[in-house]
Amino acid sequence: MILAFFAIYVIWGSTFLAIRTAVLLVPPWFCAGTRFFTAGVILFVYARLRGAPGPTLREWRSLAIIGVLMFSVTYGALFWGEQFVPSGITSVLEATLPLLTILLEVFVLRQQQFRWRAMVAVAVGFCGVALMMFKGGPRGFGVLPCLVILGGSMSWSLGSVLTRSLKLPESRILTAGAQMMLGGGLLLVLSLASGELHPFPAIPLKAALALVYLIVAGSLIGFTAFVWLLRRMPASRVASHAFVNPVVAIALGYFVASEEITVQTLLGAGLVLGSVVLTMRET
């Protein structure tokens, strides 16, 4: 149990720095595609060898939709954005996923009733995001990459909401493997079409090690621990990783990569994480 929580708290929190390390040396969509296609194939083959039935044609269609939304779009935006945005800031932007999901469910899909307390909590969270985004000075990182990362997060929220209404295989490992495989494959196609692979990029040892860490620790170990915990604990308890991951990412970014931490950054991060806690309690 302790090792599983360590995986989703510390390992997942550390992946933001690993992504930052990789994309500063190797094209971002190639990195993202390689990570998820490789991990997806491994998980899919493992599930099939363990006896999970193969997806039906209808299930493949659902898997493709979710794979594009939650892996191609979300991580394509995240890996691209981390070329410009420090890993700690990126982790806090990603922590807005529950806030974006609430907005979708209330205003777009009409799956939840409007509640003032929840909306005030969401508004507080986005005030924190704005506080971190509008950062001037020579070490500023710009608003556009932050907006791209947030847009990718919105795609993940949409995918997570649609998952409830789409027909998917019963095996969670096979489902995740297929989604990663399809989403990662599309990212590799996008990488090729955008010219990232012309010529094929040299991969320094530092980037290769970061990519291997993302595949093995981030996707395989981290996801396996996540699934294992979901089968044994309430989902709300497992979802607590959303509050811990940014703390780990900010600390690692500061101590390992010398990323700047200011009072403005800490205040914005505190508003976002506090908002997420309040929003999840309200829902």
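Relevant structure appears above.
Parameters and conventions
Residues numbered from 1 in each chain as written. Predicted model: local features only at pLDDT ≥ 70, side-chain atom pairs only at ≥ 80, totals over all residues. Heavy atoms only, no water. Helix = DSSP H or I, 4+ residues; strand = E, 2+ residues; numbered from the N terminus. Buried < 20%, exposed > 50% of the residue type's maximum accessible area, 1.4 Å probe, protein only. Contact = heavy atoms within 4.5 Å. Lys, Arg positive; Asp, Glu negative; His and termini not counted. Charge placed at Lys NZ, Arg CZ, Asp CG, Glu CD. Expected span 1.5 Å × (residues − 1). Bend = angle between axes of the 7 residues up to and from the residue. Phe/Tyr/Trp six-rings, centres within 6.5 Å; stacked < 30°, edge-to-face > 60°. Core = buried A, V, L, I, M, F, W, Y, C linked by side-chain atoms within 4.5 Å. Patch = residues over 30% accessible without salt bridge, like charges linked within 9 Å, V, L, I, M, F, W, Y side chains within 5 Å. Areas by Shrake-Rupley, 256 points an atom, 1.4 Å probe, with all protein chains shown as cover. Salt bridge = Lys/Arg side-chain N within 4 Å of Asp/Glu carboxyl O. Axes fitted to C-alpha atoms, helices over the stretch in contact; angles between N-to-C directions. Parallel < 35°, antiparallel > 145°, perpendicular 65-115°, else oblique. Nonpolar A, V, L, I, M, F, W, Y, C, P; charged D, E, K, R; others polar. Left-handed = near helix turned anticlockwise from the far one by under 90°.

*Asks:* Go over the overall build of the protein with me, naming the residues and quoting the values.
*Replies:* Along the protein, the regular secondary structure elements total 12 helices and zero strands. Listing every helix and strand of the protein by position from the N terminus yields α-α-α-α-α-α-α-α-α-α-α-α. Its C-alpha atoms give the protein principal-axis dimensions of about 50 × 50 × 40 Å. Out of the 283 residues in the protein, the part that is buried amounts to 51%. In the protein, once contacts between residues fewer than 6 apart in sequence are set aside, the share between residues at least 24 apart is 88%. Mean positive and mean negative side-chain charge positions of the protein (19 and 9 charges, respectively) differ by 7 Å.

*Asks:* Can you lay out helix α3 (residues 57-81) for me, pointing to particular residues and giving the numbers?
*Replies:* Residues lying three or four places apart along an α-helix face the same way, a consequence of the helix completing one turn every 3.6 residues. The end-to-end C-alpha distance of α3, which contains 25 residues, comes to 34 Å, matching closely the 36 Å that a straight helix rising 1.5 Å per residue would cover. At Val 68, α3 shows its largest kink, close to 35°.

*Asks:* Residues and numbers for helix α6 (residues 116-133), please.
*Replies:* A rise of 1.5 Å per residue sets the reference length of α6, with its 18 residues, at 26 Å; its end C-alpha atoms lie 25 Å apart and thus fit the reference within 8%. Here α6 has its buried residues at Ala 118, Met 119, Ala 121, Val 122, Gly 125, Gly 128, Val 129, Met 132 and Met 133.

*Asks:* Tell me about the packing of aromatic side chains, and please be specific about residues and values.
*Replies:* Think of a pair of aromatic rings as described by two things: how far the centres are apart, and how the planes are tilted against each other in angle. Overall, the coordinates contain 12 aromatic pairs when judged by the stated rule. With a centroid separation of 5.4 Å and an interplanar angle of 40°, the aromatic rings of Trp 12 and Phe 226 are classed as tilted. Within this pair, whereas Trp 12 is found in helix α1 (residues 2-23), its partner Phe 226 is found in helix α9 (residues 205-230), the two being separated by 214 residues in sequence. Pairing Tyr 75 with Trp 156 gives two aromatic rings, centres 6.0 Å apart and planes at 80°, and the pair type is edge-to-face. With Tyr 75 in helix α3 and Trp 156 in helix α7 (residues 143-163), this pair connects stretches of sequence that are 81 residues apart. Owing to a relative accessible area of 24%, Trp 156 belongs among the partly exposed residues under this scheme.

*Asks:* Can you explain the nonpolar core? Please cite residues and give values.
*Replies:* Phe 79, Leu 93, Met 180, Phe 223 and Val 272 are the most contacted members of the largest nonpolar core, which totals 61 residues. Residues contacting Phe 79, with those up to four places away along its chain left out, are Ile 19, Val 23, Pro 28, Cys 31, Ala 32, Arg 35, Phe 36 and Leu 214. Ala 7, Ala 225, Leu 229 and Met 233 belong to the second-largest nonpolar core, a separate cluster that totals 11 residues.

*Asks:* Residue-level account of a nonpolar patch on the surface, with values.
*Replies:* On the surface, Phe 107, Val 108, Leu 109, Phe 114, Trp 116, Val 120 and Val 124 cluster together to form a nonpolar patch covering roughly 690 Å² of accessible area. The set of elements that each furnish at least two residues to the nonpolar patch consists of α5 (97-108) and α6. Residue contributions to the nonpolar patch peak at three residues, all from α6. With respect to the helices and strands, the residue Val 124 is situated in helix α6. The partly exposed category is assigned to Val 124, whose relative accessible area is 34%.

*Asks:* Pulling in residues and values, what's your account of the packing of helix α4 (residues 87-94) against helix α11 (residues 241-255)?
*Replies:* Look at α4 against α11: their axes get within 7 Å of each other, and the N-to-C directions meet at 170°. By the criterion of interaxial angle, the relationship of α4 to α11 is roughly antiparallel. In this structure, α4 contributes Ser 87, Gly 88, Ser 91 and Val 92 to the contact, and α11 contributes Pro 246, Ala 249, Ile 250 and Gly 253. Per-class residue counts for the contact of α4 with α11 are four nonpolar, four polar and no charged.

*Asks:* Hey, could you go over the environment of Ile 203 for me, with residue numbers and the actual values?
*Replies:* Within the fold, Ile 203 resides in the loop between α8 (172-193) and α9. For Ile 203, a relative accessible area of 38% puts it in the partly exposed group. Between the alpha carbons of Ile 203 and Val 26 there is a distance of 6.3 Å; along the sequence they are 177 residues apart. Not counting chain neighbours up to four residues away, the residues in contact with Ile 203 comprise Val 26, Phe 30 and Ala 208.

*Asks:* So what about the environment of Thr 279? Which residues, and what values?
*Replies:* Relative to the assigned elements, Thr 279 resides in helix α12 (residues 263-282). Taking relative accessible area as the criterion, Thr 279 reaches 1% and is therefore assigned buried. Residues Thr 279 and Phe 5, spaced 274 residues apart in sequence, show a C-alpha to C-alpha distance of 22 Å. Leaving out residues up to four positions away in the same chain, Thr 279 has contacts with Leu 99, Ile 102, Ala 118, Ala 121 and Val 122.

*Asks:* So, the side chain of Thr 15: which residues are in play, and what are the values?
*Replies:* For Thr 15, the location among the structural elements is in helix α1. When its relative accessible area of 7% is taken as the criterion, Thr 15 is described as buried.

*Asks:* For the side chain of Glu 59, give the residues involved together with the corresponding values.
*Replies:* Position of Glu 59 relative to the elements: it lies in helix α3. One buried charged residue, Glu 59, remains without a salt bridge, the closest side chain of opposite sign being Lys 167 at 4.2 Å. Look past the residues within four positions of Glu 59 in its chain and what remains in contact with it is Gly 54, Lys 167, Leu 168 and Pro 169.

*Asks:* Lay out the packing of α4 against α7 in plain terms, naming residues and giving numbers.
*Replies:* Between α4 and α7, whose axes approach to 9 Å, the crossing angle comes to 35°. The chirality of how α4 crosses α7 is right-handed. Facing α4, whose interface residues are Thr 90, Leu 93 and Glu 94, α7 presents Cys 146, Ile 149, Leu 150 and Ser 153. Of the residues in the contact of α4 with α7, the class split is four nonpolar, two polar and one charged.

Worth remembering: the numbers are spatial, not functional.
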